[in-house]
Amino acid sequence: MAAVVASELAEETPGPAGRPRRRRGSLPVWRWAILVIVGAYFVIPLYAALRFTGLHSFPAVFSQEGFAPALELSVKLAAVTTLLTVVLMLPTSIYVHLRLPKVRRLLEGITILPIVIPPVVLIVGVLEVSPGFLKSTPYLLALEYVVLAMPFAYRSFDAGLRALELHTLVEAAQSLGAGWRQTLWRVLMPNLRTALLSAIVLTVALVLGEFTMASLALYQTFPVWIVAFDQTSGPISVAASLLALFVTWVFLMAITLIAGRSRRAGGTDVSLFSVSRRSTGGS
Amino acid sequence: MTSNETSPRPGATVRMQDLSRSFGTVRALAGLSLELAPGELVALLGPSGCGKTTALRILAGFDTADSGTVEVDGQEISGVPAAKRDMGMVFQSYSLFPNMSAQDNVGFGLRMRKLSSAARQRRAAELLDMVGLAAQAGQYPHQLSGGQQQRVALARALAIEPRVLLLDEPLSALDAKVRLQLREQIRALQQRLGTTTLFVTHDQEEALSMADRVGVMRSGTLEQIATPDELYAHPASAFVAEFVGIMNRIPGDVLELLGRPAALAGLTDGSPAGSAYGKDALVRPEGLRLTASPHGNGIVTTRTFLGQLTRLSVRLTGDVVVQVDQRTAEAAGISPGDSVQVTLADLPVLLADRSASRGDATPATASPGQVPA
Amino acid sequence: MAVDTTTVPGATQAPGAGRSWPARLRALRRWAGLIPFGVYMFLGLGLPAIAVAIGAFQNSSGGGFTLSNVRAATHGIYRQGFETSLEVSVVTAIVPGIVGFLVAYAIFTARRGNLLRRVVITASGVFANFGGVPLAFLFIATLGSTGLVTGWLTAIGLNPYDHGFDLYTFSGIVIVYMYFQIPLMVLIMLPALEGLRPAWREAAQNLGASSWQFWRHIGGPVLFPSFLGCVMLLFGSALSAYATAEALTSGSIALTPIQIGSFLNGNVLAGQQNIGKALGLGLVVIIAIAMVIYTLAQRRASRWLR
């Protein structure tokens, strides 16, 4: 749930034109105190977990029973979810920006719905209404994950689109003879690369970490496996968690770097934890 | 301080002596000295980075000079915190408190001075009326236009009857038309209240039209401070000459093509007079005349209509381009491509050192047409 | 997705304006582009939600209308569940709210590009995406009965377990939830703080305000909507959290999401299925209220902090 919100935050806009300003002296004591204490709160558990598992546990994770199928399932679900999400949300976002700009407000409201209806409640409803053939396949989860990922995807694309002069680009392309498919492929997509990447990474991170719906629907995805395996071996579970964390971090860092580089090269202004709200004067 | 009258308090005297301020390796101020007489409006004019805003902020108390003193009414105030300096400041933009109505914004300084609610409201209403926004008293900043916001900011700064009024490029973020209106309004208000005022801007037209005296700054020092007329007619240096208004820079040898100057004058900073040989001559566009002539000394390149005057760009033999201002009636019939004879009018010509300093001379004017460096 | 190729984008057609059929048809065609999205969301989100809402009022065995589920949901252990959940959510909304604000404040005065600032922002972004299973395990290793910090504290004679602390109950959950709540607060408050224009601070100073007066009259009021909005977000986030609590306590703690989950795990008497839905409905209603407050607060904030 935290991840859902992280994508709606305003961005680090470029600072005011560099008027030389006397820098305030180094941060006063109380600020350092806060940062140190809070920092400790965050770092110590990581250290504790590492100590608890011991480095030897990490390689052992891969050979545990159930690890491979669980991971495989999670990865497959992630792939399907991501594909569905992009196919659904990218054209929708573009369409709304192009033809129904007034609906944007409504759409932003809809993106809050998955927060209002938490996964634990959602799965209850889903299991109730889904036909039998869907319930018997884990891909039911993928379908629902699309709903969970919708807010991030929409906000990513929305931010990316707002940074473009969409109407102008499309009209320019059309005046030069491009059809819709070409416009989408050659003009819009390249400019939405960062937004797309952002949406993809957020979706993948979401699916790989989703526990609630998977466990209650009785499918053993990776997170579910980790919890189940805890009964067998605590250290292995902790090691697996740390691994999952680490991989997610690497992903997030990578996209922040890529987004940063593309921004410098003039790409769209979207980064992982942010939505460029300020640059276009707010919604 | 709690007077409800609009009769002006005598303005304060301000004396800034030898102010220096560096930011790391950048020398923002290098020994600036400036005095403001009571009730005077002094404009600090200069290109960006010249230190004018730094000087203002030091006076306001938002920054401290590395060395030098600041005195107001004879008292050294360098140690006084900004909140206690009793100066009103108008910022470039967006300085109104968003969570308060115009009226509350204007009354804020009075609130800090513990005026009663009734007294505050009265005074705020009075000031909003002075700036012509009585009807907008209840509106919030986001409901006001840029020009209206700056007027409220002005009212807010004046509400506290400040000893000094400080204006930090208050008009640069506004539309041209609004800028002109506000210029007059600020000047009128300032004169009526007799508040000593320091006005920082990079727009020379603004400075020249509003101020009692204008100080032209460059690289942290004051190049010249004088009345607008004086600055225009008797610039102290090539920089001032070319910054204020438009100036043609003509190498001495090309000057001969234009005839004999009525007089040669050195710049008041000691630049040499005497022969124009090996030096550059500085001539205003109105200091040149032209007439159509089949084998003249120049070809017209562009023609710009300015109302009563027309400005013609002429490329002289010798590949120097000059701007010539001619009364439109006289310039009728002369078009780009025509051959003309350019001569000097009967005015003294200023001499400056050769173009080693040319890179620094950035004529910052709003009028079309520049002398190319 | 079929896009209307016969109309030029941006063509001036007021939606629904004009009584003529062609105009209305055109407006309808424009809305058609939203059909895939609409249908998907209805099927994937709307339908389940409706099922829960209806089921909350249905007799588990028969299917007739009844209020017994709602009654059961608001009494006994389920009432306790709500109370505990609300307590946890309120505490983990306000405390991280304040801590997060302080952290954001501590770094927002640093210049952009400052190393400390960038580290804090990146770290916040990463930690905010924590949660669920990994987090639970992290804390078991830290504050579990044999955890690292527990050991440290015992060594200095302050075993928390002797003083009423238990990782697998209320106090533990609160400590754990803060791990993703605090960074969230930092990420949201930082831009809001930066929305505080320096000109306001300087103008206030110039008009004679002290630091305290600035915060009381301007800084505080202007930031309050953002702060409130964020606290609402944190509240909703904590209330709906399931994974962390489940991984931590294996379902042994009386929190509403856990209790809802237990209806699916079959840990419940037959004939009481729909109580879970009533619980779900209750949860949704509470979060919805919080999100309405959030939306209103955000709108106010964006107006002032533009």
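Residues numbered from 1 in each chain as written. Chains lettered and ligands numbered in written order. Predicted model: local features only at pLDDT ≥ 70, side-chain atom pairs only at ≥ 80, totals over all residues.

Chemist: So, the interface of chain C and chain B: which residues are in play, and what are the values?
Modeler: If you look at the interface, chain C gives 18 residues, while chain B gives 19 residues. Among the elements that line the side of chain C that touches chain B, the one with the most residues is helix α9 (residues 198-206) of chain C, at six residues. By residue class, the composition of the side of chain C that touches chain B is nine nonpolar, five polar and four charged. (Contact = placed C-beta atoms within 7 Å. Helix = DSSP H or I, 4+ residues; strand = E, 2+ residues; numbered from the N terminus. Nonpolar A, V, L, I, M, F, W, Y, C, P; charged D, E, K, R; others polar.)

Chemist: Could you give an account of the sheet that holds strand β9 (residues 213-218) of chain B, naming the residues involved and the relevant values?
Modeler: For sheets, the rule is that strands pair by backbone hydrogen bonds, running either parallel or antiparallel. Residue and element names in this part refer to chain B. Read across the open sheet, the six strands follow the order β6-β7-β8-β3-β9-β10; overall the sheet is mixed. The sheet is open, and its two edges are formed by β6 (87-90) and β10 (221-226), each paired on a single side. With direction set aside, neighbouring strand axes in the sheet form an average angle of 20°. In terms of strand pairing, β6 meets strand β7 (residues 164-168) through four bridges, oriented parallel. Bridging from a neighbouring strand, M87 pairs with V164 of β7. (Pairing = 2+ DSSP bridges. Axes fitted to C-alpha atoms, helices over the stretch in contact; angles between N-to-C directions.)

Chemist: Lay out the confidence of the model for chain C in plain terms, naming residues and giving numbers.
Modeler: Detailed reading of predicted coordinates is not advised where the pLDDT is low. Residues and elements named next belong to chain C. The predicted model of chain C has a mean per-residue pLDDT of 83, with 90% of residues at 70 or higher. Contacts of residues 1-14 to residues separated by more than four positions or lying in other chains number 17 contacts, the stretch itself having pLDDT below 50. Interface scoring of the predicted complex returns ipTM 0.79; its pTM is 0.75. (pLDDT = per-residue confidence, 0-100.)

Chemist: If you had to explain the pairing of strand β8 (residues 196-201) of chain B to someone new, which residues and values would you point to?
Modeler: Two faces, one strand: in a regular strand the side chains alternate between the faces of the sheet. Residue and element names in this part refer to chain B. Within β8, six of the six residues are buried, which leaves the element mostly enclosed by the surrounding structure. Taking every second residue as pointing to the same face, both faces of β8 are buried, with T196, L198 and V200 on one and T197, F199 and T201 on the other. Note: strand β3 (residues 41-45) against β8, five bridges, orientation parallel. The residue bridging L45 from the neighbouring strand is T201, located in β8. One ladder, built from five bridges, connects β7 with β8; its direction is parallel. Residue pairing across strands places L167 opposite F199, the latter belonging to β8. One crossover worth recording links β7 to the parallel β8 by way of helix α5 (residues 176-193), and it is right-handed. (Buried ≥ 20, exposed ≤ 12 C-beta atoms within 10 Å, placed from the backbone. Right-handed = clockwise from strand over helix to strand, strands pointing away.)

Chemist: Which residues make up the pairing of strand β13 (residues 280-283) of chain B, and what values do they have?
Modeler: Residues and elements named next belong to chain B. Neither face of β13 is open: one carries D280 and L282, the other A281 and V283, and all of them are buried. Note that strand β11 (residues 248-251) and β13 share four bridges and pair antiparallel. Opposite I250, over in β13, you have A281 as the bridge partner. With three bridges joining them, β13 and strand β19 (residues 348-352) adopt antiparallel strand pairing. Its bridge partner being in β19, D280 is matched across the sheet by A352.

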